[in-house]
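If you want the building blocks of each chain, they are given just below.
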Amino acid sequence: MTPESYGRTKDGHAVSRYTLARGRLTVQILDYGGIVTRIEAPDRAGRIANVVLGAADLAGYEASDAHFGALIGRYANRIANGRFSLDGQVYDLPRNEGRNTMHGGPRGFDRAVWRVEAATGTALTLAHRSPDGDQGFPGTLDVRVTYSLSDDETLSIAYAAATDRPTILNLTNHSYFNLAGEGAGSVLDHAVTVAADAYLTVDESQIPTGERRSVAGTPFDFRVATALGACIRAADPQLIWGRGYDHTYVLRDPGTLRTVATAHDPSNGRHLAVATTAPGLQLYTANMLDGTVTGSGGGLYRAGDAVCFEAQGFPDAPNHSDFPSTTLRPGERFAALTTYRFTAR
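Since the structure is predicted, the reported quantities are computational estimates derived from the model, not experimental observations.

Conventions and cut-offs
- Residues numbered from 1 in each chain as written.
- Predicted model: local features only at pLDDT ≥ 70, side-chain atom pairs only at ≥ 80, totals over all residues.
- Heavy atoms only, no water.
- Helix = DSSP H or I, 4+ residues; strand = E, 2+ residues; numbered from the N terminus.
- Buried < 20%, exposed > 50% of the residue type's maximum accessible area, 1.4 Å probe, protein only.
- Contact = heavy atoms within 4.5 Å.
- Polar contact = N/O pair within 3.5 Å; in protein donor to acceptor, adjacent residues only side chain to side chain.
- Core = buried A, V, L, I, M, F, W, Y, C linked by side-chain atoms within 4.5 Å.
- Phe/Tyr/Trp six-rings, centres within 6.5 Å; stacked < 30°, edge-to-face > 60°.
- Pairing = 2+ DSSP bridges.
- Salt bridge = Lys/Arg side-chain N within 4 Å of Asp/Glu carboxyl O.

Student: Even after reading the chapter, I still don't get the environment of threonine 285, so can you show me in this structure?
Tutor: The residue threonine 285 is located in the loop between β24 (280–284) and β25 (290–294) in this model. Take threonine 285: its relative accessible area is 1%, and that puts it in the buried class. Considered as a pair, threonine 285 and aspartate 322 are 37 residues apart in the sequence and their alpha carbons are 27 Å apart. With residues up to four places along the chain from it excluded, the contact list for threonine 285 reads Leu228, Ile232, Gly244, Tyr245, Ala303, Gly304 and Ala306. In terms of polar contacts, threonine 285 uses its side chain to reach the side chain of asparagine 287, at 2.5 Å.

Dropping the structure here:
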């Protein structure tokens, strides 16, 4: 594979774009932040469109806090008050969302230029070493992420990591999906399923309260296909605080690869199935997009113009002893897999 130049970061690092293609699926990825900039998939009539949102150029990715398509770490989602305790030691992190730490801090993995370990026409492996103390996190952490395409038009993202000191780790990809096509407007008519019986309630700052609340009889029930917009305007404090859906679903059978969510655009038939080994799935309806970000297609993005399915561990898990552990210790190997299969119906 021959990469394309994608410019230089503000501090002078060269950035390249890699194109993977197999069957009718094409995916473009930057070594900056591991960002998925494009996913081209067919609709029921065979028409190809890019189905993820992105910035217009590298400067746009650097300037945005939306984390379009990026690898998120060391810790995806939120850590309350930018603080956690591990083995009796308290660690303070930079706070970049009010009093909380969000998506690994202001210089998370989405801001790093990753090392390319291997690249073919259907797979790309990126690696990154996060030094001890990076954004306040302990331990030198080596991370490897492989993107690959299979014959059934599936994009797989495999994560692996190891550390030399006890640390915490929560990795995800932050792609924004619009199955009508990038720049097509609202996704609130997308029919969505999430295979979960409960979700994590949050407080006003989007920090989990510790409660696993049943989805039954609430606007959070997507166990059968439901339009995203069907209940998003409900007068539920959880939706008010999140400005829409921005919540972690408690998935069944963690550790096994299983389908946990689907999305379907009834207008063109594109269908997305998300499978993962992770214990949680953050459903996010792009609530913070406010019409000030110019997208890759030249238009402005607004709230509800995409949906994210962020497969991950639970937010703020280090501060909740009954949440699935996100601690990684020397000699252990972190591994996770998430796949995105595109079909048309």
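Student: Sorry if this is basic, but what is going on with the nonpolar core here?
Tutor: Here is a general trend for soluble globular proteins: nonpolar side chains tend to be buried in one another's company. Membership of the largest hydrophobic core comes to 59 residues, with the highest contact counts inside it found for Ile39, Tyr147, Phe177, Tyr249, Phe309 and Phe342. Of all the elements, strand β13 (residues 141–150) adds the most residues to this core, at 5 residues. One finds Leu58, Phe68, Tyr176 and Ala306 within the second-largest nonpolar core, a separate group that totals 21 residues.

Student: Looking at this structure, how should I read the packing of aromatic side chains?
Tutor: Working definition: an aromatic ring pair is given by the centre-to-centre distance plus the angle between the planes. Enumeration over the complete set of coordinates arrives at 14 aromatic pairs. With 4.9 Å between their ring centres and 55° between their planes, phenylalanine 68 and tyrosine 176 make a pair best called tilted. Taken together, the positions of phenylalanine 68 in the loop between α1 (58–63) and β6 (71–72) and tyrosine 176 in the loop between β16 (172–173) and β17 (191–194) put the pair 108 residues apart, joining distant regions of the chain. We classify tyrosine 176 as buried; its relative accessible area is 2%. By the ring-pair criterion, three or more aromatic residues cluster together here, those being Tyr199, Phe220, Phe222, Tyr245 and Tyr249.

Student: What's the story with the pairing of strand β2 (residues 14–22) in this structure? I'm lost.
Tutor: The side chains of a regular strand alternate, residue by residue, between the two faces of the sheet. Strand direction decides the pairing type here: strand β1 (residues 4–8) and β2, joined by 3 bridges, are antiparallel. Opposite glutamate 4, over in β2, you have arginine 17 as the bridge partner. Counted between consecutive antiparallel strands, the loop separating β1 from β2 contains 5 residues, among which glycine 12 sits at a positive phi close to 95°. From the end of β2 to the start of strand β3 (residues 25–30), which pair antiparallel, there are 2 residues, and glycine 23 there has a positive phi angle of about 60°.

Student: What's the story with the pattern of salt bridges in this structure? I'm lost.
Tutor: A side chain of one charge can pair with a side chain of the opposite charge when the charged atoms of the two come close. In this structure the tally under the stated criterion is 22 salt bridges. For glutamate 97, the salt bridge goes to arginine 78, with nearest N and O atoms at 2.7 Å. On the criterion of sequence distance, the pair formed by glutamate 97 in the loop between β9 (89–92) and β10 (101–102) and arginine 78 in strand β7 (residues 78–79) is long-range, its members being 19 residues apart. Residue classification places glutamate 97 among the partly exposed positions, given a relative accessible area of 27%. A relative accessible area of 4% places arginine 78 in the buried class. Of the charged contacts in the structure, one is a salt bridge between arginine 213 and glutamate 211, with a shortest N-O distance of 3.0 Å. The class for arginine 213 is partly exposed, based on a relative accessible area of 30%.

Student: Hey, could you run me through the pairing of strand β14 (residues 154–163) in this one?
Tutor: For β14, the buried fraction is high: 8 of the 10 residues fall into the buried class. Strand direction decides the pairing type here: β13 and β14, joined by 10 bridges, are antiparallel. When the sheet's bridge partners are listed, arginine 144 is paired in β14 with alanine 160. Once β13 ends, the chain turns through 3 residues before running back antiparallel as β14, passing glutamate 153 with a positive phi of about 60°.

Treat this as a map of the structure, not an account of what it does.
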